[in-house]
Amino acid sequence: MEFETVIGLEVHAQMLTDTKIFCNCSTKFGSAPNSHACPVCLGLPGVLPVLNKKVVEFGMKMALATNCTINPSNSFARKNYFYPDLPKGYQISQFAHPLAEHGYISLEINGEQKKIGITRIHMEEDAGKLMHDENNPSSYVDLNRTGVPLIEIVGEPDIRSPEEAAEYLKRLHEILVYLEICDGNMEEGSFRCDANVSIRPMGQKEFGTRTELKNMNSFRNVQRALEYEVKRQQYLVENGQKIVQETRLWDDAQGVTNSMRSKEEAHDYRYFPDPDLVPVMVDEAWIVKIRKELPELPLVKRERFVKEYQIPVYDAGVLTAERALAEYYEEVVRLCGKPKQASNWVMGDVLRFLNEEKRNIRQCPITAKALADMIKLIEEGAISGKMAKDVIEEMYKSGKPPQDIIKEKGLVQITDEGELIKTITAIIETNPNQFKDFRGGKEKLFGFFVGQVMKATQGKANPQLVNDLLKKMLA
Amino acid sequence: MELYSLTIHELQEKIKNGDVSAMQLAESVFSRIDTVEERVHSYIRLMKEEALTAAAIADENIKKGDIQPLTGIPVALKDIVCTQGITTTCGSHILHNFVPPYNATVVEKLHDAGAVFVGKTNMDEFAMGSSTETSYFGPTRNPWDLQRIPGGSSGGSATAVAADECIASIGSDTGGSIRQPAALCGIVGMKPTYGRVSRFGLIAFASSLDQIGPFTKDVEDCAIMMNVLAGYDPKESTSVKAEVPDYRQFVGRDIKGWKIGIPKEYFVEGIDPEVSSAVKKAIEVVEKCGGQCVDISLPHTQYSVAVYYIIAPAEASSNLARYDGVKYGFRTADARDLAEMYQKTRMQGFGAEVKRRIMIGTYALSAGYYDAYYGKASQVRALIRQDFDEAFKQCDIIITPTTPTPAFKIGEKTDDPLQMYLSDIFTISTNLAGIPGISVPCGFTAAGLPIGVQFLAGHFEEGKLLQIASVYEKSAAIEKRRPTL
């Protein structure tokens, strides 16, 4: 039987605000346990939450970037359950009235555009972390993460394959990072994904029984877990067994999913409106203000790059993958006026250097101006492309501008015709046999002469000029 | 006249004139406490040492001419407001050792106004009760009859004022917990508009209903206290940025031409006849002062107790989830795993009434029951609020009995929660609607038990309440009887 896969993803993204969602504690990651935990974080009696407006604004940015409708009045609710990393015994989240609803993002799947619906985006607080002592039967609670702002982005079950799921996640991730509202670090948990997956016979309209997958901390793992789970579900159905509605954990080491809890064991969260917080009122003026602050989004930027700079779709994709990289590229283009060349140097050498050292474009020692200058020097014929390869490496190492490096290394290109004619004449004289053979029809020997000229000039001869002169003088 | 028996405004004069020092006043109050506290049990914790230090500082300030509205005035705090460095129990075993690292906003405000804190007063556990009998620390007794309850949940704060163990005190009112004990103890008690006084540092029972307010010996003192307590607090999201008038200016202003609403639903059978006649007399006094009575209806009144006993426990079940033994407070000694630690800590740490309400609230919020209980209750709550909005189009003030009966005997209703819940029948709607209310003494039963009359006004109309209450207080000239202890 042919099956169709149905996937819906829930993404939790930590917001990059300086302070937590309901108090003034720092959101910094990696500090000493409980060093960013005030009475509000600790859930001490009598303390009250006060909403950090920045979180609303960050959430609004994501809502607008994903074509959602922002609810003019949205409100917080309590999600009640007991766990030691949840000091109040409830998580402040949004339930009946989320920040935003009814959006979508566009993906390109096999060259075709596809929209994946966003059901809702809501704000909530993160929980703390438990650390279990391996030697003692005790656990420790670190509440630094308690109250770190999250937005949850709930996607529609519009995804039809694990690859699509990975693509959707990458696009969502890219938008969050572009908006500078989330650092997107999956390993540190700033970007987390749960997946709901089911299968149904091709053509059937009703959804099959779904399972929820958790504990996947990379794009690759999301895809692997989904691939495994789809196969597992198909196996069950094909063997006449039933799929159980349950939550399953991805085991990265084993490459399998295991049952965590069944539907019957699922919590009853007893959501109700949080009486400690008032509804968040969002008027049109606020939306307009936030919309103005939105940067150009990756998809739009990509299309513009293709059109404006006449570069291939693939190149535009690489150059816009990060906002800072795109800005760097555009600055180089602005300064040198050579989009194609700029793209080649950025994508080729600059990114290779950075990747080798696991650095990002913000840490790049070659400034946009330096790279633009180098491209101009090539265009002007001051150095050859081949020489530039060495120059750019030195620029990366030393951070110096290309002009300085060229001067220091004496890398000035020989464009003096008279000097080159002398050199070529001497080479012809010392290689009479080759000269004779070439004139006799061995055209391959042209390369030999080019090589000799380059050798004699230590590679400084202008290659175009050498070509032209050789053609004349060998004829 | 002993200093402890005076009012704030009387003492303000004496302090200003240098007739009385803060230290003398504090010593007077503590000597009174030494005499009566054993019988009344107003306090869970006395703060004598801190109080004497504060009184000494107050005297220094007085010498410098720095006199604030409450400089040197001994004030008692219900043990539900957090006090930095001072154990705050909320009347519960589960918080018996909890020492807050912060002050409630009202504590800060009272401190800044110069108040001297006498101690933390007894209360029903987590403010759940109408008699102060559910306290982990034992019951408080009514100074007018030590066999009777003082009302609750702020029973200790009421008796501390009534028995002259402080000059004024702070309570909290979720369904009548200030007004009911004020009535039963023969003093003035006000529940301000929801949002008027910051709840920051008030240990939550039902967050959408809780409000802090004062107990005082007369209406003018109530106005003085409200001047200190009221105001927006950036630490409290539901506190309201509304202008705070000088409440004292309303005291004694005439009420000629005011429309006084008499809600028929509050004058029905089942009210104690002595209470009924005292309140009727109070209405006559108000009429004599220029008030014009109009019959009004609050048609959804009959649902208020039911609505309250869904919404309040629902919020409480969530508010009290944090007492899990993980972070602070009581933790069971014998638990083998996490689930058992939770179960035993909460089983051993909470009293019966608290557990009953947690269970009711948990049930009311459960999947499949939410719509029928919490959802429906919220809808009816809106109707109750609407009743008052409509009523206040026809009248300036509503007048009702504060309680259906005078103080009942200790133990009389402890086995019958429903009867206990009904003792708040006239005060609960106010909290559901968020409007302010004040209870003022309006006489005594033949047996010598105090009776209270309640005035209600629209949102943020505390000034009107103080105006009519002060005018009534003066005209009625209720005998200035003191309990004999």
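None of these values were measured; they are calculated from a predicted model.

Conventions adopted
- Residues numbered from 1 in each chain as written.
- Chains lettered and ligands numbered in written order.
- Predicted model: local features only at pLDDT ≥ 70, side-chain atom pairs only at ≥ 80, totals over all residues.
- Helix = DSSP H or I, 4+ residues; strand = E, 2+ residues; numbered from the N terminus.
- Rg over C-alpha atoms; globule rule 2.2 N^0.38 Å.
- Buried ≥ 20, exposed ≤ 12 C-beta atoms within 10 Å, placed from the backbone.
- Contact = placed C-beta atoms within 7 Å.
- Pairing = 2+ DSSP bridges.
- Nonpolar A, V, L, I, M, F, W, Y, C, P; charged D, E, K, R; others polar.
- Expected span 1.5 Å × (residues − 1).
- Bend = angle between axes of the 7 residues up to and from the residue.
- Core = buried A, V, L, I, M, F, W, Y, C linked by C-beta atoms within 7 Å.
- Domains from an automatic or database assignment.
- Axes fitted to C-alpha atoms, helices over the stretch in contact; angles between N-to-C directions.
- Arc of directions from axis to C-beta.
- Right-handed = clockwise from strand over helix to strand, strands pointing away.
- Parallel < 35°, antiparallel > 145°, perpendicular 65-115°, else oblique.
- Left-handed = near helix turned anticlockwise from the far one by under 90°.
- pLDDT = per-residue confidence, 0-100.

**Q** Go over the overall build of chain A with me, naming the residues and quoting the values.
**A** Of regular secondary structure, chain A possesses 16 helices and 16 strands. Taken over C-alpha atoms, the radius of gyration comes to 30 Å for chain A, far larger than the 23 Å a tight globule of 475 residues would show. If one aligns the C-alpha atoms of chain A with their principal axes, the spans along those axes are about 95 × 55 × 55 Å. Put simply, chain A has 475 residues, and 39% of those count as buried.

**Q** Summarise the overall build of chain B; cite the residues concerned and give the values.
**A** When helices and strands are counted, chain B shows 15 helices and eleven strands. By the compact-globule yardstick of 23 Å for 485 residues, chain B fits well, its C-alpha radius of gyration being 21 Å. Principal-axis analysis of the C-alpha atoms gives chain B an extent of 65 × 55 × 45 Å. Counting the 485 residues in chain B, one finds 61% classified as buried. Within chain B, contacts between residues at least 6 apart in sequence are counted, and of these 77% link residues at least 24 apart.

**Q** Hey, could you go over the sheet that holds strand 15 (residues 272-273) of chain A for me, with residue numbers and the actual values?
**A** All names here are of chain A. Pairing within the open sheet is antiparallel, and its three strands lie in the order 5-4-15. Of all strands in the sheet, those bounded by a partner on one side alone are strand 5 (90-93) and strand 15. Bridge analysis of strand 4 (residues 77-80) against strand 5 gives four bridges, and the strand direction is antiparallel. Of the residues in strand 5, the one forming a bridge with N80 is Y90.

**Q** Account for the interface of chain A and chain B, with residues named and values stated.
**A** Between chain A and chain B, the contact holds 26 residues from the first and 36 residues from the second. Of all elements in the fold, only helix 1 (39-42) and strand 4 of chain A reach the threshold of two or more residues within the side of chain A that touches chain B. Broken down by class, the residue content of the side of chain A that touches chain B amounts to 17 nonpolar, four polar and five charged.

**Q** Can you lay out helix 9 (residues 339-356) of chain A for me, pointing to particular residues and giving the numbers?
**A** Residues and elements named next belong to chain A. Here helix 9 is 18 residues long and its end C-alpha atoms lie 24 Å apart, about the 26 Å a rise of 1.5 Å per residue gives. For helix 9, the principal kink sits at V346 and spans about 30°. Restricting attention to buried positions, one finds in helix 9 the residues P339, Q341, A342, S343, W345, V346, V350 and L354. The inward-facing, buried residues of helix 9 abut helix 6 (298-309), helix 7 (313-319), helix 8 (323-336), helix 10 (368-379) and helix 11 (385-398). Looking one or two places after helix 9, you find K358, whose phi comes out positive at around 50°.

**Q** Before we move on, could you go through the nonpolar core and cite the residues and values that matter?
**A** Of all hydrophobic cores here, the largest spans 226 residues; its most connected members are A:M62, A:A165, A:L176, B:V75 and B:V116. With nine residues, the top contributor of residues to this core is helix 3 (residues 162-178) of chain A. Those residues within four positions of A:A165 in sequence are excluded, and the remaining contacts are A:I7, A:L9, A:I159, A:A195, A:V222, A:Q223 and A:L226. Core analysis: the next-biggest nonpolar cluster, separate from the first, contains 36 residues, A:V332, A:V333, A:A370 and A:I383 among them.

**Q** So what about the domain arrangement of chain A? Which residues, and what values?
**A** A common way to state how big an interface is: give the accessible area lost once the parts meet. Splitting chain A by domain gives domain 1 (3-288), domain 2 (296-409) and domain 3 (417-474). Computed from C-alpha atoms alone, the centre-to-centre distance between domain 2 of chain A and domain 3 of chain A is 34 Å.

**Q** Can you lay out the sheet that holds strand 14 (residues 256-262) of chain A for me, pointing to particular residues and giving the numbers?
**A** Backbone hydrogen bonds hold the strands of a sheet together, and the pairing may be parallel or antiparallel. Residues and elements named next belong to chain A. Strand order across the open sheet formed by nine strands is 2-6-7-10-1-11-12-13-14, with mixed pairing between neighbours. Because the sheet does not close on itself, it has two edges, and the strands there are strand 2 (69-70) and strand 14. Here four bridges tie strand 11 (residues 191-201) to strand 12 (residues 211-216), and the two strands are oriented antiparallel to one another. In the strand pairing of strand 12, N196 is matched with E212. Those strands touched by helix 3 are strand 1 (3-14), strand 6 (100-109), strand 7 (112-125), strand 10 (149-155) and strand 11, and its axis lies near 115° from that of strand 6.

**Q** Could you give an account of helix 11 (residues 352-365) of chain B, naming the residues involved and the relevant values?
**A** An α-helical turn contains 3.6 residues, so any two residues separated by three or four positions project in the same direction. In this model, helix 11 of chain B (14 residues) spans 20 Å end to end at C-alpha, consistent with the 20 Å of a helix rising 1.5 Å per residue. If you check which residues of helix 11 of chain B are buried, you get B:V354, B:R357, B:I358, B:G361, B:A364 and B:L365. The buried residues of helix 11 of chain B occupy an angular sector of 130° when the element is viewed end-on, so they sit on one face. In helix 11 of chain B, those exposed residues whose orientation departs by more than 90 degrees from the buried face are B:A352 and B:M359. The elements touched by buried residues of helix 11 of chain B are strand 15 of chain A together with helix 9 (304-319) and helix 12 (371-394) of chain B.

**Q** How would you sum up the pairing of strand 13 (residues 246-251) of chain A? Please name residues and give values.
**A** Residue and element names in this part refer to chain A. In this structure, strand 12 lies alongside strand 13, joined through four bridges in parallel fashion. Counterpart to E212 in the pairing with strand 13 is T247. Note on the crossover from strand 12 through helix 4 (residues 219-238) to strand 13: the handedness is left-handed. For strand 13 and strand 14, the ladder comprises six bridges, and the chain directions are antiparallel. For W250, the partnering residue across the bridge sits in strand 14 and is T257.

**Q** Account for unusual backbone geometry, naming residues and giving values.
**A** With omega at 5°, the peptide bond leading from B:G152 into B:S153 counts as cis. In this structure, A:E180 is a non-glycine residue whose phi angle is positive, near 60°. Even without being glycine, A:N215 reaches a positive phi, approximately 70°. Within the fold, A:N215 resides in strand 12.

**Q** Outline the environment of B:L418, listing residues and values.
**A** Mapped onto the elements, B:L418 comes out in helix 13 (residues 417-422). Here the alpha-carbon distance between B:L418 and B:V305, two residues 113 residues apart in the chain, equals 9.8 Å.

**Q** Kindly report on the environment of B:R385, identifying the contributing residues and their values.
**A** All names here are of chain B. Tracing the chain through its elements places R385 in helix 12. Expressed as a C-alpha distance, the spacing of R385 and L432, which sit 47 residues apart in the sequence, is 6.9 Å. Leave out the neighbours within four places in its chain, and R385 touches L432, A433 and G434.

**Q** Can you explain the packing of helix 10 of chain A against helix 11 of chain A? Please cite residues and give values.
**A** All names here are of chain A. Two numbers describe how helix 10 lies on helix 11: the axes approach to 10 Å, and their chain directions differ by 165°. Regarding the angle of helix 10 to helix 11, the classification is roughly antiparallel. As helix 10 packs across helix 11, the resulting crossing turns out to be right-handed. Between helix 10 and helix 11, the contacting residues are A370, M374 and I378 on the first element and G385, A388, V391, I392 and M395 on the second. Counted by class, the contact of helix 10 with helix 11 contains seven nonpolar, one polar and no charged residues.

**Q** Outline the confidence of the model for chain B, listing residues and values.
**A** Mean pLDDT over chain B stands at 96; residues scoring 70 or higher make up 100%. Overall fold confidence for the complex sits at a pTM of 0.90, while the interface term, ipTM, reaches 0.95.

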